[in-house]
Amino acid sequence: MKIESQVFGSVDIPDDKVIEFPAGLPGFEECRNFALVHEDGSTASLFQLQSLDNPAAVFSITGAERLGVNYEFGLSDDEVAQLKLTNPAEAFVAVIVRKDEGEAGNPATAGMRANFMAPLVINVSARRGIQKVITRLGCDVTLRAEG
């Protein structure tokens, strides 16, 4: 499948690289098919989750562990079914990140922001994903100190 990405231009996505989000993403329910895209030769840990249904919908994501975050949360039976998840080891947890311009006139507040309360869970084998909107109850998020 060939798409016109606003970030990468014309991109050819093999059918076996498509990740299906059966319910879409909150606010982007019409976007159900995505691909992870990055610049050729890039070894960076930041990827673009490019919608194949709406080329204007693209999200920067990274593995939660790359930010020193460890999640522990349960999935409902419905979420497990949507993911077609039979082995927890096949689940990859990622977070959406965005550039934050900071407060006007204060460059010290600029940087990256991550949405830790709505991680993406992707079954890497079945190539299916969900966005798990969580509450503080029933979920532990721990930060790992790098050192």
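If you're wondering where the values come from, they're calculated on a predicted model, not measured in any experiment.

**Some words on the pairing of strand β1 (residues 2–5)**
For a regular strand, side-chain orientation follows a simple rule: the groups alternate between the two sheet faces. Side chains of β1 alternate between two faces, with I3 and S5 buried and K2 and E4 left unburied. Across four bridges, β1 lies against strand β2 (residues 9–12) in antiparallel orientation. When the sheet's bridge partners are listed, E4 is paired in β2 with S10. Once β1 ends, the chain turns through three residues before running back antiparallel as β2.

**Overview of the nonpolar core**
Counting 13 residues, the largest nonpolar core has F21, L25, F34, L49, F59, I61 and L120 as its most contacted members. Not counting chain neighbours up to four residues away, the residues in contact with I61 comprise L36, S45, L46, F47, L49, A94, V95, I96, V97 and L120.

**Remarks on the packing of aromatic side chains**
Taken as a whole, this structure holds four aromatic pairs when the rule is applied. Between the aromatic rings of F21 and F34, the centroid separation amounts to 5.2 Å while the plane-to-plane angle is 75°, which identifies the pairing as edge-to-face. With F21 in the loop between β3 (19–20) and β4 (33–37) and F34 in strand β4, this residue pair connects regions lying 13 residues apart in the sequence. An identical accessibility class is assigned to F21 and F34; each is buried. With 5.6 Å between their ring centres and 75° between their planes, Y71 and F73 make a pair best called edge-to-face. Looking at Y71, the relative accessible area reads 12%, which means it is buried. Its relative accessible area of 21% is what places F73 among the partly exposed residues. By the ring-pair criterion, three or more aromatic residues cluster together here, those being F21, F28, F34 and F59.

**Re unusual backbone geometry**
The phi torsion at K84 lies on the positive side, around 55°, for a residue other than glycine. Relative to the elements of secondary structure, K84 occurs in the loop between α1 (77–83) and β8 (91–100). Residue K84 is classed as exposed on the basis of its relative accessible area of 52%. Residues other than glycine seldom take positive phi values, yet R127 does so here, at roughly 55°. Classification of R127 as partly exposed rests on a relative accessible area of 25%.

**With respect to the layout of surface pockets**
A volume near 190 Å³ is recorded for the largest pocket. Counting residues per element, the ones that place at least two in the lining of the largest pocket are β7 (69–73) and β8. Looking at the lining of the largest pocket element by element, the count peaks at three residues for β7. Of the residues assigned to the lining of the largest pocket, the class counts are nine nonpolar, two polar and one charged. Roughly 170 Å³ of internal volume is contained in the second largest pocket. In terms of lining residues, the second largest pocket is bounded by P14, K17, I19, L36, F92, I122, V124 and R127. Of the residues that constitute the lining of the second largest pocket, the class distribution is six nonpolar, no polar and two charged.

How each quantity is defined
Residues numbered from 1 in each chain as written. Predicted model: local features only at pLDDT ≥ 70, side-chain atom pairs only at ≥ 80, totals over all residues. Heavy atoms only, no water. Buried < 20%, exposed > 50% of the residue type's maximum accessible area, 1.4 Å probe, protein only. Helix = DSSP H or I, 4+ residues; strand = E, 2+ residues; numbered from the N terminus. Pairing = 2+ DSSP bridges. Core = buried A, V, L, I, M, F, W, Y, C linked by side-chain atoms within 4.5 Å. Contact = heavy atoms within 4.5 Å. Phe/Tyr/Trp six-rings, centres within 6.5 Å; stacked < 30°, edge-to-face > 60°. 1 Å grid on protein atoms, 1.4 Å probe; cavity = no way out; pocket = protein on both sides within 12 Å on 5 of 7 lines; lining within 4 Å. Points joined across faces, edges and corners; volume = space filled by probe spheres on them. Nonpolar A, V, L, I, M, F, W, Y, C, P; charged D, E, K, R; others polar.

Spatial relationships are all this shows, so hold off on functional conclusions.
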